[in-house]
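If you want the building blocks of each chain, they are given just below.
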Amino acid sequence: MTGGGRGIGRATAVMLAKAGAKVAIGYRSRKPPAEAHVTASVRGDLGTPTGASKAVAEALRALGGDLDILVINHGVWPPTMCPSPR
């Protein structure tokens, strides 16, 4: 799950973990506080296809090879911080 470190993403990650799901949270630079509630934290940069592939592969390893749900819940604010489209 990306964006699982705070706000709605954190609440979703914690809820899924408490319901018995194995949850991996993705982060770019600092481990999220929700880490105590989830199976794994995965560091990665989703800004490139290669970085995204590596993050998913690491999450799969941490979760024992099973992936039922992938939640993409990250965002950048304000819009001026977003990279320009290619």
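Residues numbered from 1 in each chain as written. Predicted model: local features only at pLDDT ≥ 70, side-chain atom pairs only at ≥ 80, totals over all residues. Heavy atoms only, no water.

It is worth spelling out the overall build of the protein chain at this point. Along the backbone of the protein chain there are 2 helices and 2 strands. Each helix and strand of the protein chain, placed in order from N terminus to C terminus, yields the pattern α-β-β-α. Classification of the 86 residues of the protein chain by burial places 26% in the buried group. Surface exposure of the protein chain reaches about 6100 Å², of which carbon and sulfur atoms provide 57%. (Helix = DSSP H or I, 4+ residues; strand = E, 2+ residues; numbered from the N terminus. Buried < 20%, exposed > 50% of the residue type's maximum accessible area, 1.4 Å probe, protein only. Areas by Shrake-Rupley, 256 points an atom, 1.4 Å probe, with all protein chains shown as cover.)

What follows covers helix 1 (residues 7-18). A turn of α-helix holds 3.6 residues, and therefore any two residues three or four places apart point the same way. With 12 residues, helix 1 extends 17 Å between its outermost C-alpha atoms, agreeing within 8% with the 16 Å of an ideal straight helix rising 1.5 Å per residue. Residues of helix 1 that are buried sit in contact with strand 1 (24-27). Residue G20 follows helix 1 closely and has a positive phi angle near 105°. (Expected span 1.5 Å × (residues − 1). Contact = heavy atoms within 4.5 Å.)

Within the secondary structure, A13 sits in helix 1. Considered as a pair, A13 and T2 are 11 residues apart in the sequence and their alpha carbons are 9.5 Å apart. Beyond its immediate chain neighbours, meaning those up to four positions away, A13 contacts M1, G4, V23, I25 and V38.

What follows is about helix 2 (residues 49-62). With 14 residues, helix 2 should cover 20 Å at 1.5 Å per step; its first-to-last C-alpha distance of 20 Å lies within 8% of that length. Taken residue by residue, helix 2 has G51, A55 and A59 as its buried positions. End-on, the buried residues of helix 2 take up no more than an arc of 70°, which puts them together on one face. Looking at helix 2, the residues exposed on the side facing more than 90 degrees away from the buried face are P49, T50, K54 and R61. (Arc of directions from axis to C-beta.)

Residue-level pLDDT values for the protein chain average 78, and 79% of them are 70 or greater. Looking across the protein chain, the model is least confident in strand 1, with a mean pLDDT of 82, and most confident in helix 2, with 88. (pLDDT = per-residue confidence, 0-100.)

Attention shifts here to a nonpolar patch on the surface. A cluster of nonpolar side chains, contributed by V56, L67, L70 and I72, occupies part of the molecular surface with about 350 Å² of accessible area. Counting through the fold element by element, L70 comes out in the segment after helix 2. (Patch = residues over 30% accessible without salt bridge, like charges linked within 9 Å, V, L, I, M, F, W, Y side chains within 5 Å. Salt bridge = Lys/Arg side-chain N within 4 Å of Asp/Glu carboxyl O.)

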